[in-house]
Amino acid sequence: MTTTSPPAVHTDIDGTGHDRAAVLAWELDRSRAALRLLKQRLGDDRVRDLLAPDTAAADAAMAGWLDASGGRWRAAVTELTATGLDAGTFLAWWQGRLHDGDRAALLAANPEHYLADSTGGTVEIIETVGAGPLRFHLRFHPTPATPEYPVRIGGTGHLADGSEVLRVMHEFADSPRGLRIRLTVEFPAATPAELSTGHQWHFACEFANWLEAAAAAA
């Protein structure tokens, strides 16, 4: 059996050469712009309606996993460091976006952010968790600091019926290496492992994009 290697593609535009990575970077930028436009045009109500079959299926799946977990939870952690930005600057920007209900900034952080409505006491979110979109309400609460992390922000996510289906802990500290962020998510223990692994990558994507946006705004 023979295997075919992907072709080596090189592009020339007005006499300047570009490798495949450059074209992929252009594609990523334009994909983000296309998603941003579609989300803006759809609006929150149409997104809720469009994804209602998916979120209803996710509700049923989460209810079964929650019941099977018997009160047990499983944690997964993502850690980031960033130079050129301190915790105070980032938190002022990020919490400001939440406080102001800045949908553009909240949705742009991850292609699988479909809805992020922070205008009420909780943040209503539709985003991919596992294999498909989940709709939940995230409520942040003050959390005591530790010597390692002077700023800690906990949160709990609930379905529309009030069932608690996820927990998060966002921790922030400054260090000689730059801003340190530790992000923990907990799901009911019976959920498939892909929920935890997928959310680790989800955190990595959204917070890296938010860090870059906060630095650009500073």
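Just above, that's the structure.
Definitions and limits used
- Residues numbered from 1 in each chain as written.
- Predicted model: local features only at pLDDT ≥ 70, side-chain atom pairs only at ≥ 80, totals over all residues.
- Heavy atoms only, no water.
- Helix = DSSP H or I, 4+ residues; strand = E, 2+ residues; numbered from the N terminus.
- Contact = heavy atoms within 4.5 Å.
- Areas by Shrake-Rupley, 256 points an atom, 1.4 Å probe, with all protein chains shown as cover.
- Lys, Arg positive; Asp, Glu negative; His and termini not counted.
- Charge placed at Lys NZ, Arg CZ, Asp CG, Glu CD.
- Core = buried A, V, L, I, M, F, W, Y, C linked by side-chain atoms within 4.5 Å.
- Buried < 20%, exposed > 50% of the residue type's maximum accessible area, 1.4 Å probe, protein only.
- 1 Å grid on protein atoms, 1.4 Å probe; cavity = no way out; pocket = protein on both sides within 12 Å on 5 of 7 lines; lining within 4 Å.
- Points joined across faces, edges and corners; volume = space filled by probe spheres on them.
- Pairing = 2+ DSSP bridges.
- Axes fitted to C-alpha atoms, helices over the stretch in contact; angles between N-to-C directions.
- Polar contact = N/O pair within 3.5 Å; in protein donor to acceptor, adjacent residues only side chain to side chain.
- Expected span 1.5 Å × (residues − 1).
- Bend = angle between axes of the 7 residues up to and from the residue.
- Parallel < 35°, antiparallel > 145°, perpendicular 65-115°, else oblique.
- Nonpolar A, V, L, I, M, F, W, Y, C, P; charged D, E, K, R; others polar.

**Examining the overall build of the chain**
Thought 1: The secondary structure content of the chain amounts to five helices and nine strands.
Thought 2: Walking the chain from its N terminus toward its C terminus, one meets helices and strands in the order β-β-α-α-β-α-α-β-β-β-β-β-β-α.
Thought 3: Long-range contacts, defined here as pairs at least 24 residues apart, represent 55% of the contacts in the chain between residues at least 6 apart.
Thought 4: When the accessible surface of the chain is summed, it comes to about 12,100 Å², and 56% of that surface belongs to carbon and sulfur atoms.
Thought 5: Here the chain contributes 19 positively and 28 negatively charged side chains, and the mean placements of these two sets differ by 2 Å.

**Here's the deal with the nonpolar core**
Thought 1: With 40 residues, the main nonpolar core has F90, W94, F172, I181, F207, W210 and L211 as its most contacted residues.
Thought 2: Leaving out residues up to four positions away in the same chain, W210 has contacts with F90, W93, W94, A105, L106, A109 and H113.

**A short note on empty space enclosed by the protein**
Thought 1: Considering all chains together, one arrives at one cavity of 30 Å³ or more under this definition.
Thought 2: The wall of the largest cavity is formed by 21 residues, among which I125, E127, L138, E206 and W210 lie closest to the centre.
Thought 3: Per-element accounting of the lining of the largest cavity gives the leading share, five residues, to helix 5 (residues 193-217).

**Observations regarding the sheet that holds strand 8 (residues 164-175)**
Thought 1: Spatially, seven strands are ordered 3-9-8-7-6-5-4 in an open sheet, and the strand pairing comes out antiparallel. At either margin of the open sheet sits one strand with a lone partner, and together these are strand 3 (73-82) and strand 4 (113-117). Here the average twist between neighbouring strands, direction ignored, is 25°.
Thought 2: Sheet topology places strand 7 (residues 151-158) next to strand 8; eight bridges connect them, and they run antiparallel. Bridging across to strand 8, T156 finds its partner in R167.
Thought 3: Lying on the sheet, helix 1 (residues 20-50) is in contact with strand 4, strand 5 (123-129) and strand 6 (132-142); it crosses strand 4 at an angle near 75°.
Thought 4: Sitting on the sheet, helix 5 is in contact with strand 3, strand 4, strand 5, strand 8 and strand 9 (178-188), with an inclination near 25° to strand 3.

**Considerations on the side chain of T143**
Thought 1: Relative to the helices and strands, T143 is located in the loop between strand 6 and strand 7.
Thought 2: Residue T143 is classed as buried on the basis of its relative accessible area, which comes to 16%.
Thought 3: There is a polar contact of 3.2 Å between the side chain of T143 and the backbone oxygen of H141.
Thought 4: A distance of 3.0 Å separates a polar atom in the side chain of T143 from the backbone nitrogen of G154.
Thought 5: Not counting residues up to four positions away in its chain, the partners in contact with T143 are R152, I153, G154 and M169.

**Some words on the environment of L37**
Thought 1: Here L37 is to be found in helix 1.
Thought 2: As for L37 and A104, which are separated by 67 residues in sequence, their C-alpha atoms are 9.9 Å apart.

**A few points about the environment of P7**
Thought 1: As for its placement among the helices and strands, P7 is situated in the segment before strand 1 (11-13).
Thought 2: Distance from P7 to M62, taken between C-alpha atoms, is 43 Å for residues 55 residues apart in sequence.

**Side note on unusual backbone geometry**
Thought 1: Of note in this structure, D14 is not a glycine but carries a positive phi near 55°.
Thought 2: On the basis of relative accessible area, D14 is assigned to the exposed category, the value being 80%.

**What about helix 1?**
Given 3.6 residues to a turn, an α-helix orients residues that are three or four positions apart in the same direction.
Thought 1: Its 31 residues place the ends of helix 1 only 35 Å apart at the C-alpha level, less than the 45 Å of an ideal helix rising 1.5 Å per residue.
Thought 2: At G43, helix 1 shows its maximal bend, which comes to roughly 95°.
Thought 3: Residues of helix 1 that are buried: A33, K39, D44, V47 and R48.
Thought 4: Taken together, the buried residues of helix 1 touch helix 2 (52-69), helix 4 (103-108), strand 4, strand 5 and strand 6.
Thought 5: Where helix 1 begins, the side chain of D19 points an oxygen toward the backbone nitrogen of A21, at a separation of 3.3 Å.

**Structural notes on the packing of helix 3 (residues 87-100) against helix 5**
Thought 1: Running from N to C, helix 3 and helix 5 cross one another at 105°; their axes reach a closest spacing of 9 Å. As judged from the angle between their axes, helix 3 and helix 5 are roughly perpendicular. Two secondary-structure elements touch here, helix 3 through F90, W93 and W94 and helix 5 through F207, W210, L211, A213, A214 and A217.
Thought 2: Across the contact of helix 3 with helix 5, the residue classes tally to nine nonpolar, no polar and no charged.

None of the figures reported here should be taken as evidence of function without further support.
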